[in-house]
Amino acid sequence: MANLLNNTFTTPYKTAPFSAIKNEDFLPAIKKEIQKTKEEINAITTNREAPTFKNTIEALEFSGEQLDRITSIFYNLNSAETNKEIQKLAQEISPLLSEFGNDIRLNETLFKRVKSVWEQKEKLNLNKEQQMLLEKTYKSFSRNGANLANDKKDILRDIDKQLSTLSLKFGENVLAETNNFELHITEENQLKGLPESALEAAAGEAKERNKDGWVFTLNYPSYIPLMTYAENRELRKKMSLAFGSKSFQGNKYDNREIIRQIANLRQQRAELLGYKTHAHFILEERMAKTPEKVTLFLEELLTKAKPAAKREYTQLENFAKELGSIDKLEKWDGAFYTEKLKQKLFNLDDEKLKPYFKLENVINGVFTVAERLYGLTFEETAEIDKYHKDVKTYKVLDENKELVSILYADFHPRGGKRNGAWMTVYKRQYKLNGENSRPHISIVCNFTKPTESKPSLLTFNEVTTLFHEFGHALHGMLANTTYPSLSGTSVYWDFVELPSQVLENWCYEKDALEIFAKHYQTEEIIPMEYVEKIKESATFMEGMQTLRQLSFGMLDMSWHGTDPSNIENVKKHEDAVFEATRLYPETPETCMSTAFSHIFQGGYSAGYYSYKWAEVLDADAFEYFKEKGIFSKEVATKFKNNVLSQGGIEDPMELYKRFRGKEPQPDALLRRAGLIEKK
Ligand SMILES: [Zn+2]
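What comes next is a walk through the structure.

Rules used in this analysis
Residues numbered from 1 in each chain as written. Predicted model: local features only at pLDDT ≥ 70, side-chain atom pairs only at ≥ 80, totals over all residues. Heavy atoms only, no water. Helix = DSSP H or I, 4+ residues; strand = E, 2+ residues; numbered from the N terminus. Rg over C-alpha atoms; globule rule 2.2 N^0.38 Å. Buried < 20%, exposed > 50% of the residue type's maximum accessible area, 1.4 Å probe, protein only. Contact = heavy atoms within 4.5 Å. Areas by Shrake-Rupley, 256 points an atom, 1.4 Å probe, with all protein chains shown as cover. Lys, Arg positive; Asp, Glu negative; His and termini not counted. Charge placed at Lys NZ, Arg CZ, Asp CG, Glu CD. Donors = N, O, S within 2.8 Å, 3.2 Å for Na, K, Ca; no water. Tetrahedral: all angles 85-135°; square planar, octahedral: opposite > 155°, others 65-115°. Pairing = 2+ DSSP bridges. Axes fitted to C-alpha atoms, helices over the stretch in contact; angles between N-to-C directions. Phe/Tyr/Trp six-rings, centres within 6.5 Å; stacked < 30°, edge-to-face > 60°. Lys NZ or Arg CZ within 6 Å of the ring centre and 35° of its normal. Disulfide = S-S within 2.5 Å. Salt bridge = Lys/Arg side-chain N within 4 Å of Asp/Glu carboxyl O. Core = buried A, V, L, I, M, F, W, Y, C linked by side-chain atoms within 4.5 Å. Polar contact = N/O pair within 3.5 Å; in protein donor to acceptor, adjacent residues only side chain to side chain. Expected span 1.5 Å × (residues − 1). Parallel < 35°, antiparallel > 145°, perpendicular 65-115°, else oblique. Left-handed = near helix turned anticlockwise from the far one by under 90°. 1 Å grid on protein atoms, 1.4 Å probe; cavity = no way out; pocket = protein on both sides within 12 Å on 5 of 7 lines; lining within 4 Å. Points joined across faces, edges and corners; volume = space filled by probe spheres on them.

Looking at the overall build of the protein
Right, on to step 1. Of regular secondary structure, the protein possesses 27 helices and nine strands.
Right, on to step 2. The globule rule puts the C-alpha radius of gyration for 679 residues at 26 Å, and the 27 Å found for the protein is close to it.
Right, on to step 3. Split into buried and exposed, the 679 residues of the protein put 54% on the buried side.
Right, on to step 4. Across the protein, contacts joining residues at least 24 apart in sequence account for 73% of those joining residues at least 6 apart.
Right, on to step 5. Total accessible area on the protein is roughly 31,100 Å²; 48% of this is exposed by carbon and sulfur atoms.
Right, on to step 6. Of note, the protein has its 94 positive side-chain charges centred 2 Å away from the centre of its 101 negative side-chain charges.

Remarks on the coordination of the zinc ion
Right, on to step 1. Each protein donor to the zinc ion is listed here as His468 (NE2), His472 (NE2), Glu497 (OE) and Glu497 (OE); together their distances run 2.1 to 2.8 Å.
Right, on to step 2. Coordination geometry of the zinc ion: the four donor atoms subtend angles of 51 to 139° at the metal centre, consistent with an arrangement described as irregular.
Right, on to step 3. One chain supplies every donor to the zinc ion, and in sequence these donors are spaced H-x3-H-x24-E. Of this pair, His468 and His472 are both found in helix H17 (residues 460–477), four residues apart, which corresponds to roughly one turn of the helix.

Points about the pairing of strand S9 (residues 440–444)
Right, on to step 1. For S9, a buried count of five out of five residues is recorded, marking the element as mostly surrounded by other parts of the structure.
Right, on to step 2. Pairing of strand S6 (residues 422–427) with S9 involves five bridges; the strand directions are antiparallel. Within S9, the position partnered with Trp422 by the bridge is Val444.

Thoughts on the sheet that holds strand S3 (residues 377–380)
Two strands in a sheet stick together by hydrogen bonds in their backbones, pointing the same way (parallel) or opposite ways (antiparallel).
Right, on to step 1. Ordered in space as S3-S4-S5-S9-S6, the five strands form an open sheet in which the pairing is mixed. Each edge of the open sheet is held by one strand with a lone partner, namely S3 and S6. On average, each strand axis in the sheet is inclined to that of its neighbour by 30°, with strand direction left out of account.
Right, on to step 2. Here six bridges tie strand S4 (residues 392–397) to strand S5 (residues 403–410), and the two strands are oriented antiparallel to one another. Pairing of Leu397 across the sheet is with Leu403, part of S5.
Right, on to step 3. Sheet strands touched by helix H3 (residues 65–80): S5, S6 and S9. Its angle to S6, the strand with the most contacts, is close to 150°.
Right, on to step 4. Running at roughly 140° to S3, helix H16 (residues 359–374) makes contact with S3, S4 and S5 of the sheet.

As for the packing of aromatic side chains
Right, on to step 1. Across all of its chains, the model carries 44 aromatic pairs by this definition.
Right, on to step 2. Here the aromatic rings of Phe18 and Tyr387 are separated by 5.3 Å at their centres, their planes lie at 65°, and the arrangement is edge-to-face. In this pair, Phe18 is assigned in the segment before helix H1 (23–45) and Tyr387 in the loop between S3 and S4, connecting sequence segments 369 residues apart.
Right, on to step 3. Taken together, the ring pairs connect Trp506, Phe622, Tyr624, Phe625, Phe639, Tyr656 and Phe659 into an aromatic cluster.
Right, on to step 4. Across the ring face of Phe281, the terminal group of Arg143 is positioned such that the distance to the ring centre comes to 3.8 Å.

Let's talk about the state of the cysteines
Right, on to step 1. On inspection of all chains with the given rule, the structure shows zero disulfides.
Right, on to step 2. Sulfur of Cys445: no disulfide; nearest cysteine sulfur belongs to Cys507 and is 12 Å away.

Observations concerning the pattern of salt bridges
Pairing of side chains with opposite charge becomes possible as their charged atoms draw close.
Right, on to step 1. Applying the stated criterion across every chain, the model contains 45 salt bridges.
Right, on to step 2. The residue Arg143 makes a salt bridge to Glu285 at a minimum N-O spacing of 3.5 Å. Residue Arg143 is found in the loop between helix H6 (128–142) and helix H7 (150–180), and its partner Glu285 is found in the loop between helix H12 (278–283) and helix H13 (291–324); the two are separated by 142 residues along the sequence.
Right, on to step 3. Of the charged contacts in the structure, one is a salt bridge between Glu330 and Lys328, with a shortest N-O distance of 4.0 Å.
Right, on to step 4. Exposure remark for Lys328: the relative accessible area of 41% places this residue in the partly exposed category.
Right, on to step 5. The structure contains a network of salt bridges with shared partners spanning Glu135, Lys139, Arg143, Glu284 and Glu285.

Thoughts on the side chain of His560
Right, on to step 1. Take His560: it is sitting in helix H21 (residues 542–560).
Right, on to step 2. What makes His560 buried here is its relative accessible area of 1%.
Right, on to step 3. Those residues in contact with His560 that lie beyond four places of it in its chain are Arg266, Thr277, His278, Ala279, Ile599, Phe600, Ser605 and Ala606.

Topic: the nonpolar core
Right, on to step 1. Phe357, Tyr374, Phe378, Phe467, Phe470, Trp506 and Ile526 are the most contacted members of the largest nonpolar core, which has 123 residues in total.
Right, on to step 2. When residues in this core are grouped by element, the largest group, nine residues, is from H16.

Topic: the environment of Thr424
Right, on to step 1. Within the fold, Thr424 resides in strand S6.
Right, on to step 2. Through-space distance from the C-alpha of Thr424 to that of Pro439 is 11 Å; in sequence the pair is 15 residues apart.
Right, on to step 3. Other than its neighbours up to four places away in sequence, Thr424 contacts Asn76, His440, Ile441 and Ser442.
Right, on to step 4. At 2.6 Å, the side chain of Thr424 and the side chain of Asn76 are in polar contact.

Considerations on H16
Right, on to step 1. Counted at 1.5 Å a residue, the expected span for H16 with its 16 residues is 22 Å, and the 22 Å between its end C-alpha atoms agrees.
Right, on to step 2. For H16, the full list of buried residues reads Leu359, Val362, Ile363, Gly365, Val366, Phe367, Val369, Ala370, Leu373 and Tyr374.
Right, on to step 3. Immediately downstream of H16, the backbone of Gly375 shows phi near 70°, a positive value.

Points about the packing of helix H9 (residues 220–229) against helix H10 (residues 233–244)
Between two packed helices, both the angle of their axes relative to each other and the distance between the axes serve to describe the pair.
Right, on to step 1. In the contact formed by H9 and H10, the axes pass within 10 Å of each other and the chain directions differ by 140°. Here H10 runs oblique to H9, going by the angle between their axes. Note that H9 runs across H10; the crossing there is left-handed. Between H9 and H10, the contacting residues are Tyr220, Tyr223, Leu226 and Met227 on the first element and Leu235, Arg236, Met239, Ser240 and Phe243 on the second.

A look at the layout of surface pockets
Right, on to step 1. The volume enclosed by the second largest pocket comes to roughly 1,300 Å³.
Right, on to step 2. Considering the residues around the second largest pocket, the lining is formed by 43 residues, among which Glu61, Ser63, Asp68, Arg428 and Ser485 are closest to the centre.
Right, on to step 3. Taken together, the elements giving at least two residues each to the lining of the second largest pocket come down to H1, helix H2 (53–61), H3, helix H4 (84–105), H6 and S6.
Right, on to step 4. The element best represented in the lining of the second largest pocket is H3, accounting for six residues.

Description of the environment of Lys535
Right, on to step 1. The residue Lys535 is located in helix H20 (residues 528–538) in this model.
Right, on to step 2. Taking the C-alpha atoms as reference points, Lys535 and Asn569, separated by 34 residues in sequence, lie 43 Å from one another.
Right, on to step 3. Dropping the residues within four chain positions of it, Lys535 is found in contact with Tyr508 and Glu509.

Section: unusual backbone geometry
Right, on to step 1. One non-glycine residue, Tyr13, lies in the positive phi region at around 60°.
Right, on to step 2. With respect to the helices, strands and loops of the structure, Tyr13 is situated in the segment before H1.
Right, on to step 3. A relative accessible area of 35% places Tyr13 in the partly exposed class.
Right, on to step 4. Backbone geometry at Asn347 places phi at a positive 45°, although glycine is not the residue there.

Dropping the structure here:
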């Protein structure tokens, strides 16, 4: 029998038995495990004993372990090493799993038992982690309407159905508007300034459409280079206005009515469940907790960043006036003149830096940083089965040579791998029956493959990406909790980027760069002058960037943090919100909300602030390291004991305060970005 269909894996460390897995095994194995998990849940609901934390909450938590392992293997492969067969299987497996999830959430007998434990929670003497698990379990039912009377449940289901149709429609409209626009150019002199790669891509696009010359679209890979490099101001204006007026043109793809409906339905849904607004509902399970706190956060940053943003705007406008003899800076000038000014000030490009960042050196660098901070060592091993020969496998050990984690690292692009870089989990950490079962973690990237004559040399951006994903991996590897669903990166959304972003800071520090940034031919350590320039250029025009991010966060909260039923004119509403953050002259043709996919289609509603929130956390945390030395064992141990090992077992604000001694303050971020005076 294939390994996948066995009840547990018999590989070393019970790692995924990749080489024994056949694609056709997935569906039967997953069906079998769903059935087994159903039986486990059935045993909970038919238990004749009164519900207790152990026989209900814990039993539910530890049910379906093998199902979890097999599905994680399946979905990880679908991202990192997929093919037609796996993609087709995903279309069968995903509905099975979501139906199974719904069955659990709608299981009234199960909810009754969970609720009975929840109602006795004061008397049960639970520790913090158990309290958190109980709350999380109870809320997974109540937030989906389990407490509602049947007629209200029907209303809720109807709202959810409408919402999913409307979000879909919203997305289709934005996509149609994106695809319906093209900028067709037939004279090359119109395209002065554009780099060769952008011209080639535009010529390819034209060819695909059976046209001469060049075609530019509103997709980012086409849009961004044109806005950044095209000297022709009229072209930039045309593109910018087209981009900004998506689904705001009064045609059949207009989203104004749709977003009003979405916002109002979300409000109704929240009220039905007993929350004041949709943002109150969402933020209940976030570190920020309330819309009031988010608003205060955004406003404080705005007050502090605005003077710098205005200074930068004036600097940019003066530079543009000088260079381009324009009389006023407009939205479509921003990226263009920013790039020109950046080149003038820094003259730093990837090709100069890449020789200092050979992949193997950077990997050793990040391992050494982890060793000096957390005492970890990384032993490459051939003992562990892998899904592709290029994947590297490591045993991660602590100071006592005890196994901390298994680590997979998959660095190079392949046909079956999706774009980008990510950290993922093959097996979560947990404690059961006195055993601390260690996790299996993976990082997947798309760095250029080495050739026979040239090693893999990373851009600086790729270096920070590797540190970022490795930071997530540390969160997973150092996990030390009892319950798998609270382990590692299973934390509130606005907290999950702290471990990853904080580690990026080491890439800008001389003491860390000296470990790994060595020229691949001469072994020369990266010149300090480059390091300084990297630092400065990383925060170039940060004030204006900050205002832009804040304006999106505020727009999001304006739709979700108060009752939206009074919003009648979408554009007027948006203009009023943007008033406080506006730098460029307003353009009546454009509207952000009608194409704001993060909040009306993706899962970022009442969550856009998290980008800045995470930056504040990471800057504040890193400042503590800087105070005591970036390799301070004292600070690292505090970070490990209170953040990295603790997963989601407590409210993140409590964990953070225990690490830092106080709540995070935005000033560290503003100092790092050069927006306020350094200490
Ligand atoms: Zn991340």
